[in-house]
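Working through the structure, step by step
One letter stands for each residue in the lines below.
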Amino acid sequence: MAWITTGGGNKAPTWEYSVGWSRDADFWAGLVQVPEKAWTPALDAKGQPREDAALVEITDLLDLGEWPPGLRIVVRREPVHPKYTKDLKPYEIATGFRYTVIATNTVGRQLQWLDVRHRAHAHVESGIRRSKALTLLRLPSFKFALNQAWCTLLTLAMDLLSWLQLLALDGRLARAEPAAVRAGLLDVPAKLVDHARRRELKLDPAWPAAQHVVTAWDRIQALPDPG
């Protein structure tokens, strides 16, 4: 965080971060001092205030002497879900809320904006997990250049898979992990052939996932020409 704050050692660029923050004893001691009126509503997916979620900044209530300058600590609270009551802290049990925390060095932004940006960033973790499920953990060489090419191909594969799910799939396959997409769609025995100036997809209609393949194929064919 200190390295990012200094622009990677270069004073010219301005770099920002938004990361998770530990809920240590100092955090809980600061949180209990927050008055109820200090909480401001969080926003839902449509940008409207939520009645059951709120935000507050507690930077001034914490001991941040050893941390980089400009650090801001933002807390989000939501009612405890009945299915997720494990590992609750005493203050969460007493208030009925679960508290999550982010740390950022972004200035001049409202708490709602900071919260939305951070929550959207959570998709990055899913992308890393999916990359590992493909080949990110199987770098082929001790040479950097070869591994760099390997990662480039992996990035292309991730992009193709993401666009396939977004544009051509629905239901379970639209949200499935790479292994599930491979087993349920990509491993279907099929062949592309050219016949009478048309490109056709030939496959066994009795195959369990044949309908998914046909649906994806039709949707891709119906996409407008990007040119």
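A short tour of the structure in this document, coming up. (Residues numbered from 1 in each chain as written. Predicted model: local features only at pLDDT ≥ 70, side-chain atom pairs only at ≥ 80, totals over all residues. Heavy atoms only, no water.)

Bringing the sheet that holds strand S4 (residues 72-79) into the picture now. Two pairing modes exist for strands in a sheet, parallel and antiparallel, and in both the strands are linked by backbone hydrogen bonds. Spatially, S1-S5-S4-S3-S2 is the arrangement adopted by the 5 strands of the open sheet, whose pairing is antiparallel. Each end of this open sheet is capped by a strand with a single partner; those strands are strand S1 (18-20) and strand S2 (40-43). Each adjacent strand pair in this sheet contributes to an overall mean axis angle of 40°, direction not counted. By the bridge criterion, 4 bridges tie strand S3 (residues 49-57) to S4 in an arrangement that is antiparallel. Within S4, the residue paired with Ala 54 across the bridge is Arg 77. (Pairing = 2+ DSSP bridges. Helix = DSSP H or I, 4+ residues; strand = E, 2+ residues; numbered from the N terminus. Axes fitted to C-alpha atoms, helices over the stretch in contact; angles between N-to-C directions.)

All right, on to a nonpolar patch on the surface then. Together, Trp 163, Leu 166, Leu 167, Ile 220 and Leu 223 make up an exposed nonpolar region whose accessible area comes to about 490 Å². Take the nonpolar patch: its biggest share by element is 3 residues, from helix H6 (residues 144-168). Position of Ile 220 relative to the elements: it lies in helix H9 (residues 210-221). (Patch = residues over 30% accessible without salt bridge, like charges linked within 9 Å, V, L, I, M, F, W, Y side chains within 5 Å. Areas by Shrake-Rupley, 256 points an atom, 1.4 Å probe, with all protein chains shown as cover. Salt bridge = Lys/Arg side-chain N within 4 Å of Asp/Glu carboxyl O.)

Our next topic: the packing of aromatic side chains. With the rule as written, the count across this model stands at 8 aromatic pairs. Plain terms: the ring middles of Tyr 91 and Tyr 99 are 5.5 Å apart, the flat faces sit at 35° to each other, and that makes the pair tilted. Assessed through its relative accessible area of 25%, Tyr 91 is described here as partly exposed. These aromatic residues form a ring-pair network of at least three members: Phe 27, Trp 28, Trp 39, Tyr 91, Phe 97 and Tyr 99. When the ring centre of Phe 97 is taken as reference, the NZ or CZ atom of Arg 77 above it lies at 4.4 Å. Of note, Arg 109 hangs over the ring of Trp 113, and the distance from its end group to the ring centre comes to 4.0 Å. (Phe/Tyr/Trp six-rings, centres within 6.5 Å; stacked < 30°, edge-to-face > 60°. Buried < 20%, exposed > 50% of the residue type's maximum accessible area, 1.4 Å probe, protein only. Lys NZ or Arg CZ within 6 Å of the ring centre and 35° of its normal.)

What helix H5 (residues 123-136) keeps buried is the set Arg 130, Ser 131 and Leu 134. Summarising the contacts, the buried residues of H5 are in contact with H6 and helix H8 (178-186). (Contact = heavy atoms within 4.5 Å.)

Evaluation of the coordinates by the stated rule reveals 13 salt bridges. The salt bridge involving Glu 16 is made with Arg 117; its shortest N-O contact spans 3.2 Å. Here Glu 16, found in the loop between helix H1 (2-5) and S1, pairs with Arg 117, found in helix H4 (residues 111-121); they are 101 residues apart in sequence, far enough to count as distant. In this structure, the salt-bridge partner of Glu 78 is Arg 50, at a minimum N-O distance of 3.8 Å. Of this pair, Glu 78 sits in strand S4 while Arg 50 sits in strand S3, placing them 28 residues apart in sequence. Residues joined in a network through salt bridges with shared partners are Arg 50, Asp 52, Arg 76, Glu 78, Asp 115 and Arg 119.

This paragraph deals with H4. Each α-helix turn comprises 3.6 residues. Residues three or four places apart therefore point the same way. Among all positions of H4, only Leu 111, Gln 112, Leu 114, Asp 115 and His 118 are buried. Axial view of H4: buried residues confined to an arc of 160°, hence all on one face. Buried positions along H4 lie against S1, S2, S3, S4 and strand S5 (97-104). (Arc of directions from axis to C-beta.)

This next bit is on the nonpolar core. With 18 residues, the main nonpolar core has Trp 21, Leu 31, Trp 39, Ile 58, Ile 73 and Val 75 as its most contacted residues. Of all the elements in the fold, those that place two or more residues in this core are helix H2 (25-31), S3, S4 and S5. Beyond its immediate sequence surroundings of up to four residues, Val 75 is in contact with Phe 27, Leu 31, Trp 39, Ala 54, Leu 55, Val 56, Ile 58, Tyr 99, Thr 100 and Val 101. Counting 12 residues, the second largest nonpolar core, distinct from the first, contains Leu 161, Leu 164, Ala 168 and Val 181. (Core = buried A, V, L, I, M, F, W, Y, C linked by side-chain atoms within 4.5 Å.)

Here Ala 180 is to be found in helix H8. Here Ala 180 is in contact with Arg 172 and Leu 173, once residues within four sequence places are set aside.

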